[in-house]
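Report on the structure
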Amino acid sequence: MKKTYAYLPTYSADVFGVCSALYELGGMTVIHDSSGCNSTYTTHDEPRWMKQESMIFISALSETEAILGDDEKLITDIVETAEELKPRFITLIGSPIPAMIGFDYDAAAAMIEERTGLPTLGIATTGMHDYSKGIADAFLALSERFVQDSGKRIPHSVNILGATPLDYALRGPMESLQTFLKEHDYPILSNWAMGSSLAEIVRSAEAAVNLVVSGSGVRLAKKLEERFGTPWVYALPVGESGEQHLLKELEEAERTKTSSLAKETSRPGNTSLANLVVIIGEPVQSLSLARFLEKDAYDTIVVNPLEEGNELLRPQDISAHDEDDLAPILKEAFALIADPFYETFYHLRRPNGIFFPYPHTGLSGRQFRNQPFNLMTDAFQFAELYRANQ
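Residues numbered from 1 in each chain as written. Predicted model: local features only at pLDDT ≥ 70, side-chain atom pairs only at ≥ 80, totals over all residues. Heavy atoms only, no water.

**Observations concerning the sheet that holds strand 8 (residues 232-234)**
As a reminder, the rule being used: When DSSP finds two or more bridges between two strands, those strands count as paired. Each helix is a run of DSSP H or I of at least 4 residues and each strand a run of E of at least 2, with the numbering of both proceeding from the N terminus. Note on definitions: angles span 0 to 180 degrees between N-to-C directions of axes, and those axes are lines fitted to C-alpha atoms, for helices only across the stretch in contact.
Here we have four strands laid out as an open sheet, ordered 6-5-7-8, and parallel in their pairing. Two strands in the sheet have a free side with no partner beyond their single neighbour: strand 6 (188-192) and strand 8. Strand-to-strand twist in this sheet, taken as the mean axis angle between neighbours without regard to direction, amounts to 20°. Examined bridge by bridge, strand 5 (residues 158-161) and strand 7 (residues 209-212) share four bridges and lie parallel to one another. Paired with Val-158 across the two strands is Val-209, which belongs to strand 7.

Laid out in structure tokens, this is it:
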């Protein structure tokens, strides 16, 4: 049955994607919904919650307010809270209930901004999309409101676009990436949005190149290219070949002012089912891992289970959003790399297949958070395990 899940959980919702994207930027995010949904986000999807404060609230929408449409109470509560906490900006998002009653986020945001004098973003999340769309929507709204062209460009400088703990472990991957860029003389202007302040993000137009590290950053990269002419590339430095690939892409993008979209190509000849490795997960990480594995003569197919980032896929890759779409390809895969929640589903289709876990917070939340994996330092383990199973 399409659009149903018997074995797999759903990915984190667009509501929580917005929260994750804006978590560190000093704003106040208000989820318009009945009481309880903010605890779901903070306890399952947000590893920063215990050590880093952020102003994330819920409106505690009641049944009566939903039926009668008492928007004034919501607006007044937000205004009073903002006057007390003094955030740098306000973001109003929602759940399925406001979507069903036709809540007008833009109008409410305009009223809040008029009363507080603070920039206010209204993002019409519904809880019916996955987190990648929420992140992309939040980044677009943030860029349109705050990023302006100073007329200055800093040679070799880079913005990192699309980094949140829903895709990357809180410790390890971003540090490795930033160290790699700095060691090769690529200063980092901003990281959207792990480890950067709002002031750094405001300067994003000054970068020479944008580096997209998740599908959630693609729409932002396109918008910054449209507004400021900044070219963008997508890759991670996985293995020596991956490092050289990324450096070449950055150099070419800055020199030619041309983005690298659609440069990924399929392997020559037919994909060998006897040697087929399927990778399910966030597309930039999956494609970077696929490139690393293919140097050892493995055929790969990347499966993007998310809404964002499909334009990055190669001809042999697929977008799959439910179990019916996944089942046929998993029957053919001699090995699968995916979040541990996929293991049972995979082995029901291919009992003797080889499964390698790659935890993904956007799917399994805190369940496997004690098993962090840094693709930029640990990917060699995949190649060694494959060779051991020949």
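**Topic: the side chain of Glu-323**
Keep this limit in mind: Buried, partly exposed and exposed residues are distinguished by accessible area as a fraction of the type maximum, computed with a 1.4 Å probe on protein chains only: under 20%, between the cut-offs, and over 50%, respectively. The charge count treats Lys and Arg as positive and Asp and Glu as negative. His and the chain ends do not count. Just to be clear on terms, a salt bridge is a Lys or Arg side-chain nitrogen sitting within 4 Å of an Asp or Glu carboxyl oxygen. Nitrogen and oxygen atoms within 3.5 Å of one another constitute a polar contact, given that in protein one can donate a hydrogen and the other can accept it, and given that sequence-neighbouring residues count only through two side-chain atoms.
Structurally, Glu-323 can be placed in helix 13 (residues 323-332). Within the buried core, Glu-323 has no salt-bridge partner, and the shortest N-O distance to an opposite charge, that of Arg-349, equals 5.7 Å. Polar contacts involving the side chain of Glu-323 include one to the main-chain amide nitrogen of Tyr-7, which spans 2.8 Å.

**Focus on the pattern of salt bridges**
For the structure on display, the rule yields 15 salt bridges. Three or more residues are tied together by salt bridges with common partners; here these are Lys-133, Asp-137, Arg-219 and Glu-308.

**Digging into helix 10 (residues 218-228)**
So the rule is basically this: This arc corresponds to the set of directions leading from the helix axis out to the C-beta atoms. The contact criterion used is simple: two residues touch if any of their non-hydrogen atoms lie within 4.5 Å.
All of the buried residues along helix 10 are Val-218, Leu-220, Ala-221, Leu-224 and Phe-228. Projected down its long axis, helix 10 shows its buried positions confined to an angular sector of 160°, all on one face. Structurally, helix 10 contributes buried residues whose contacts are with helix 7 (131-146), strand 5, strand 6, strand 7 and strand 8. Remark: Gly-229 follows helix 10 within two positions and exhibits a positive phi of approximately 75°.

**Regarding the sheet that holds strand 1 (residues 28-32)**
The four strands lie next to each other as 2-1-3-4, forming an open sheet whose pairing is parallel. The sheet terminates laterally at strand 2 (55-58) and strand 4 (120-122), the two strands that pair on one side only. Put simply, the sheet's adjacent strands are angled 20° from each other on average, direction ignored. Sitting on the sheet, helix 1 (residues 14-22) is in contact with strand 1, strand 2 and strand 3 (90-94), with an inclination near 160° to strand 3.

Everything listed is a geometric property; what it means functionally is a separate question.
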